[in-house]
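Here is what each chain is made of, one letter per residue.
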Amino acid sequence: MIKTEKPHPERRLRGVLEELSSGCLRFVTLADKDQHHSSRTRLDRERLKSCMRELENMGQQATTLRSQVKKNTMKDKLKQVQNFLQKLRFLADEPQHTIPDIFVWMMSNNKRIAYARVPSKDILYSIVDEEMGKDCAKVKTVFLKLPGKRGFGPAGWTVQAKMEIYLWLGLNKQRKDFLSGLPCGFEEKKTTRGQNLPSFPPISLLYTKKQVFQLRAHMYQARSLFAADSSGLSDPFARVFFTSQSQCTEVLNETLCPTWDQLLVFDNVELYGEAHEMRDDPPIIVIEIYDQDTVGKADFMGRTFAKPVVKMSDEQYCPPRFPPQLEYYQIYRGNSTAGDLLAAFELLQIGSGGKSDLPPIDGPTDIDRGPILPVPLGIRPVLSKYRVEILFWGLRDLKRVNLAQVDRPRVDIECAGKGVQSALIQNYKKNPNFSTLVKWFEVDLPENELLHPPLNIRVVDCRAFGRYTLVGSHTVSSLRKFIYRPPDKKAQHWNMTAKQFKGYLAMANGAPRSRPTGEIIVNMEPEVPIKKMETMVKLEANSDAVVKVDVSEEEKEKKKKKKGGGEEIEEEEPDESMLDWWSKYFASIETMKEQLRQQEVAAAEAEEKEEMEIAEGFKGQAKNKEKSKAPKDDKKKKQQSAPELPEKKNKQKIDELKVFNKELEAEFDNFEDWLHTFNLLRGKIGDNDDNATEEERIVGRFKGSMCVYKVPLPDDITKEAGYDPTFGMFQGIPSNDPINVLVRVYIVRATDLHPADINGKADPYIAIKLGKTDIKDKENYISKQLNPVFGKSFDIEATFPMESMLTVAVYDWDLVGTDDLIGETKIDLENRYYSKHRATCGVSQTYSIHGYNIWRDPMKPSQILSKLCKEGKVDGPHFGPGGRVKVANRVYTGPTEIEDENGQKKQTDEHLALTVLRHWEDVPRAGCKLVPEHVETRPLLNPDKPGIEQGRLEMWVDMFPMDMPAPGPAIDISPRKPKKYELRVIVWNTDEVILEDDDYFTGEKSSDIFVRGWLKGQQEDKQDTDVHYHSLTGEGNFNWRYIFPFDYLMAEEKIVISKKESMFSWDETEYKIPARLTLQVWDADHFSADDFLGAIELDLNRFPRGAKTSKQCSLEMVTNEAELPMVSIFKQKRVKGWWPFVARDENDELEITGKVEAELHLLTAEEAEKSPAGLARNEPDPLEKP
C-alpha cells in the first residue's frame, strides 16, 4: 500500500543511468564488429543499424540526464527513464521471429478445447545466464484458454485449465544440460533403441524424493469488488487453487467488501524436489473470485496470484516470518483492476512426526459457523469497536433510472457488514434534503488503519408496491480522512491538533477548553498615505508576544523623498473620483504577477543551492554547512532588495482584491470543510461500457459527511455546554430546510476563448442558468473578440437546495443558425454558502462606506465577527479603548476612525473587526481562513470536447440570504467608457530637410516640402499641409493646423477605435491601440510618386520635450529616449518645440533628415466645442499665411 521510501532515491537513479549509458556503448561496439556478417539479410542489417543509432542516442541522453537528476526534479526524470525502458523493450522484440512459438493443446475426444502459447524467446537456452530466456529450464505454471473467438472478452477470462510444465529449447550440442532445471531427486526411465544405445530424452521421470506440506490460506476479506448484479452488489465467494487441489470460501450475500474471515486448509500437498528449492521458489497459488447466482453458473469477477510463506520442518514457527502478515493482492479482471484481496498464505512442511509438529489450528470458536474455521488470532487484525456517524444532508442531480424519474430516494450506508439507512425523501422534486440529519451505527474495525474496509454509499429509489431500484453507488475507499481522534489532554499545543483534524474541528466543537495564559497582541499600523493593512502574523497559540507590524524605516524615507522630490515624479496621488473598480482590479493583477515572479525566483534559488550541493559531491559535513550558509546570506540581500521594485511602480496606493488564477474551490479544498460531495456511479457495470468515462457513469451526487471514532469518547466532549446528543460529533451545523438566497454573479472578462467562427474569432456573450432561471445576455454580445471584457453583474433569486448548481456559459453569437456553446463552468453554490470559510461575500482589505471600495456585505465587519465568535464558541469580541479588540486570547489593535463622503471623521470599531476577520485563521480552535474579496479564474469546458479547456472566465459570486437586510446595489464593474478628446497639431516650420531634386538647368538641389500627419490606427484620416515649393535650404513655413478627434481610455492609456473589418461585416469591431502621433516629411513631385524623406512617431503618453530652437534639436531625442525628460500630452495639455525627422540610410543607420517646429494642443470634446478651431488655415481662429 505505502511505497517503501529508501533514502537518496536521486543518487540511486544516477547510478542506474550511468550503467545504462555504459551498457549502450558496449552494445554499439559489439554490434559494429558483427555488422558485416555474411549470413545477414538486408532487414537484419538495417535493423542492426537502427538499433545502433537508437542506443548510441540513448547513451548520450542518459549521460545528460544523469547530471540533471536532483531532489526536486526526481519525479520528472523518473518518467523519462521509464520511456527509455519502454524503448529498449520495443527494440529487443524481433520484428521477424526466426524460431516459431510453442503451442500446447488440451484435447478431449479429438476435440481441441483449450490451448496455451509459449513464446520461443522465453525458453531459449544460452551458456550466459543473463542471456537465457526467462522461463528456460524452469517449472512454470501455464493457464490454458479457449481457442478462437470464444477466447476474447469476459467469456475468455476464466481459466480452462492450469498445468505445470517444464520447457527447454537449445542447440543440439548443449542438450546434455536440458534436465538441469528440474527439481532434484529423480531417476530417468529410458527405453533402449537398437544396439543397446539408450534413447534420448527419457520417456518418464520417477521421483524418489517428495516433500509433504500443508497449505493454510487465511482468507480475511476482499474490497472494492466488481458489481456483478443489477443491485450494484455481488454475492462473492473465493476459490483457491494450489497444485492440483482447490477449495472455496463461503458465499456472502449482497456485498462488495466481503469479510470471509476463513481459514482454508489443504492437507497432504505433495511437492517434488529438494527441500531448499521448495523454500526459495514455492508453486504459486491462484485465487479466483466468483459471484454466486441463484440460477446458472457463477460469474467470474476477478483473479489474483500469490506465493506462500514456506516453513520447513526444521525451522521454528516464530517471528519475523511467522505468523505471516495479511497482505493486499490486486485482483484483475481481464486487463482492468477489480479490487483487492486481503489474505495470508503459509506452506508448512509436515516432518517425520506427522501433523502433530505443526502449530495448532484454533478450532471454530463459534458453533454457528459450523465446520468453517476462522482466521487464527495471531494473523487476524486486532479489532476495536468504532462508531460511524453519518450526516445525511441531501441528494442532488439524480438522473432517470429506466426512464422513470427518481421520486422517493433513500441512502443506505454499509461498512464491514453493518450499516444504516437514511430517512426516506418523500418528494425529491419538492425538497431533495433529508429530514433526519444524523444517524450512527457501531462496527468492529481493525486498529491498523490500512486494513479498514471501504464504506459503501448506495442510493435506492422506493417505487410502488415496496419495490426498490438502485440509482447509484459510491465507495469511500479510505476512511482515514473521516477518523476523529480526541485531542490529548496533555497537549496544550492547539495548533498541532488543529492542523491534523481541520475537517473535524468544525464538528468537534466539544473539547477541553484549555486557555494558554499569555495574551497575544497583534498590532496593525496604518501606512502613510491611505489606510491599508497588510500584515502576516503567524504565532504559536501560547507564546506571549506583542507583535508590532510596522512600515520599515527605509520605505518611509523613500516616501519622504518622493514627496520632496517634486520635479522628478510627475504622477500625483490619484484622485479618489478617478479610481474605480477597474483600477483596483488592475493593481491586483500586477500584485499577482509580482508574487508569481517572486515564487519563480525562490524556486530558482533552491535549484541553484542544490546544484552546488551536487557539485560538492557531499565533501564532508563541515564544509557543506558553511556552503549552505553562504547562499542564505545572498537570499537575505535579495529579499531586502526585492520590495523596492513594487514601491517604484506603485506610486499610488490602491486598495486591492485577491486575484486567484484558479477556481476558488481549488484554493479552499472544494469547500468540503464539513459538507462533502460524493459522486454516485451507475450500478452494474456492463463489460461493454467498461471504457465509459467516469463522467458518463455519474448518476447524481450525495451530500453529507461521516465521522468515525472509537466508541467510549472522553466525557468532557459529551458533557460540554450546548452538546446536543442527536447531532453527535456534528455540533452546530445549520438546518437544511429550504432557504431563499439572492445570488449576484459578477462576470469580469474571459480570456483565450476557443475561436468559434471561420475568421478565427468569436462573438461571445454570457448565459447564466440556475434552477429555473435562465439568463441569456444575447443582445450585448461582443463582436469578434477572443478576450472579451464583459464587466457585468446579474442578480438571481434562488432557493437552496433545489437550485444550487450555477452554470455560467459563454456562447458564440451567430447571425443565422443557432448559437454555439464555447464553454461553460459549473459552481456548487450550496457548499460555498454553508462553508465555514464564509464564501458568501468576500472580506475586503479595508472598510470604507463610500467610493470605489465600498463595503458590499449587508452585515458590517463587527456583526460578522460577533456571529463567528458565537458560532465557534470563542470568547469575544471585546472592544477596548485606544483601538484594541480582544478575541479568545488575542488582542488586535488598529485605526478607529472613518471618513464619510463629506470628509467628516467618525469613531468606528469596524476596522478593528475587519483586522480580526482577515486573521481569523489564527484564532485557536474555531479559526479558518475566510474567503477574501476576490476574482476567481475558472476554466471553461465543453461537454463535446471533454478535458480540453476552451478558455478561462474571470468572475466572482456573492450570495445574500433573503431573510437578512437587503444588500446595497451591485458594484459597477462595467468596462470603462472611453473619453472623447481632440488633438490639434499646428505645424509651424521645418528646417534642414534634405534636398532631393536636381534643377534641370542649374543643377541646384532643392525640395518641394510638405508634412503629413495622422494618429496611429486612423491612417485613412491622414492630413497633409500645403506644399512649400522649391526650398533651397530645407526650410519650410506652413502655419498649418491638423485636427484629430479620438476616443481615449485614461486608465489603460489606449485609443479605442470601432470600425467594420470588411464591407461584408455585420457590425463594428472594437480595437484598442496605443496613442501615437506620426508626422512625416515628403518631397512633392508633379509627375512621379512623392518621395518620402523622414518621420517621427510620438507616444502621446511619453514623448521627449521639444527643443527650444532648431539648433538644439538633435538625433539624441529619438535614439536616447531613456535619459531625456518625458512629457505626457494628457498632463501638459499644450506643448511646443522642435522635433527631428529621421529615416534609415543605405547602411540601415538612423540619420536626421529634417526638423519640424510643431505645437500640440489637447482638448476634451467639451472644451473643443467651446473654442473651435478651423482645419488648415481656415476659420475659426485662423492662422496667417507664411
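Note that the coordinates shown come from a computational prediction; the quantities given were computed from them, not determined experimentally. The written sequence of each chain sets the order in which its residues are numbered from 1. In keeping with the model being predicted, local features are shown solely for residues with a pLDDT of at least 70 and side-chain atom pairs are shown and tallied solely at 80 or more, while totals for entire chains, interfaces and linings include all residues. Values reported for side chains reflect all heavy atoms of the structure, with hydrogen atoms and water molecules removed beforehand.

Runs of E in the DSSP output that reach at least two residues are strands. Runs of H or I that reach at least four are helices, and both are numbered from the N terminus. A count of helices and strands for the protein chain gives 19 helices and 55 strands. Any pair of residues with heavy atoms lying within 4.5 Å of one another is described as a contacting pair. For the protein chain, long-range pairs separated by at least 24 residues make up 67% of all intrachain contacts whose partners lie at least 6 apart in sequence.

Now for the nonpolar core. Remark: nonpolar core denotes a set of buried residues (Ala, Val, Leu, Ile, Met, Phe, Trp, Tyr, Cys) joined through side-chain atoms within 4.5 Å. The rule is simple: take the accessible area with a 1.4 Å probe, protein chains only, and divide by the maximum for that residue type; under 20% is buried, over 50% is exposed, in between is partly exposed. Among the nonpolar cores identified, the biggest contains 42 residues, and Val 743, Val 745, Ile 747, Leu 806, Leu 829 and Leu 953 are the most heavily contacted of them. No other element matches the six residues that strand E29 (residues 739-751) contributes to this core. Those residues in contact with Leu 806, other than ones at most four positions away along the chain, are Val 745, Ile 768, Lys 769, Leu 770, Thr 825, Lys 826, Ile 827, Leu 829 and Val 957. By size, the runner-up hydrophobic cluster in this structure holds 41 residues, among which are Ile 1009, Trp 1040, Met 1117 and Phe 1130.

Every buried residue of helix H15 (residues 861-871) is listed here: Pro 861, Ser 862, Ile 864, Leu 865, Leu 868 and Cys 869. All buried residues of H15 project into a common sector of 160 degrees when viewed along the axis, lining one side. Seen from the buried face of H15, the exposed residues on the opposite side, beyond 90 degrees, are Lys 870 and Glu 871. Residues of H15 that are buried sit in contact with strand E35 (878-880), strand E36 (884-887) and helix H16 (910-918). Remark: Lys 873 follows H15 within two positions and exhibits a positive phi of approximately 55 degrees. In this context, the arc is that of the directions from the helix axis out to the C-beta atoms.

The next point concerns unusual backbone geometry. Generally, phi is negative for residues other than glycine and the peptide bonds are trans, each holding for most cases. Cis geometry is found at the peptide bond from Phe 322 to Pro 323, where omega equals -15 degrees. Examined against the element boundaries, Pro 323 turns out to sit in the loop between strand E15 (309-311) and strand E16 (327-333). Cis geometry marks the peptide bond from Glu 1179 to Pro 1180, where omega comes out at -15 degrees. With respect to the helices and strands, Pro 1180 occurs in the segment after helix H19 (1165-1170). The phi dihedral of Asn 110 falls on the positive side, at around 55 degrees, and the residue is not glycine. Mapped onto the secondary structure, Asn 110 falls in the loop between strand E1 (102-108) and strand E2 (111-118). Judged by relative accessible area, which is 76%, Asn 110 ranks as exposed. We note that Asp 1181 has phi near 55 degrees; this positive angle belongs to a residue other than glycine.

Now for the packing of aromatic side chains. For this analysis, a ring pair means two rings from Phe, Tyr or Trp (six-membered ring only for Trp) whose centres lie within 6.5 Å, classed as stacked if their planes differ by under 30 degrees, edge-to-face if by over 60, and tilted for the remaining angles. Inspection of the entire model under this criterion finds 41 aromatic pairs. Grouping aromatic residues by their ring pairs yields a cluster made of Trp 581, Trp 582, Tyr 585, Phe 586, Tyr 746 and Trp 956. A ring is scored as having a charge over it whenever the NZ atom of a lysine or the CZ atom of an arginine sits within 6 Å of its centre and within 35 degrees of its normal. Across from the ring centre of Tyr 290, 5.0 Å away, lies the NZ or CZ of Arg 239, which sits over that ring. In this structure, Lys 776 packs its charged tip against the face of Tyr 811, placed 4.8 Å from the ring centre.

pLDDT: the predictor's confidence for each residue, scored from 0 to 100. Per-residue pLDDT for the protein chain averages 81, and the proportion of residues at 70 or more is 85%. Note that residues 490-517 has pLDDT below 50 and, in this model, 53 contacts with residues that lie over four places away or in other chains. Low pLDDT, under 50, characterises residues 525-573; the stretch is placed with 82 contacts to residues that sit more than four places away or in other chains.

Right, let's get into the pattern of salt bridges. In the sections that follow, a salt bridge refers to a side-chain nitrogen of Lys or Arg positioned within 4 Å of a carboxyl oxygen of Asp or Glu. Overall, the coordinates contain 51 salt bridges when judged by the stated rule. Across the pair Arg 480 and Glu 449 runs a salt bridge whose closest N-O atoms are separated by 3.3 Å. Pair noted here: Arg 480 is in the loop between strand E23 (468-476) and helix H5 (494-500) and Glu 449 is in the loop between strand E21 (438-446) and strand E22 (455-462), with a separation of 31 residues, a long-range link. By relative accessible area, Arg 480 is classed as partly exposed at 49%. Taking the relative accessible area as the measure of exposure, Glu 449 reaches 27% and is therefore partly exposed. The shortest N-O distance in the salt bridge between Arg 1102 and Glu 1053 comes to 3.0 Å.

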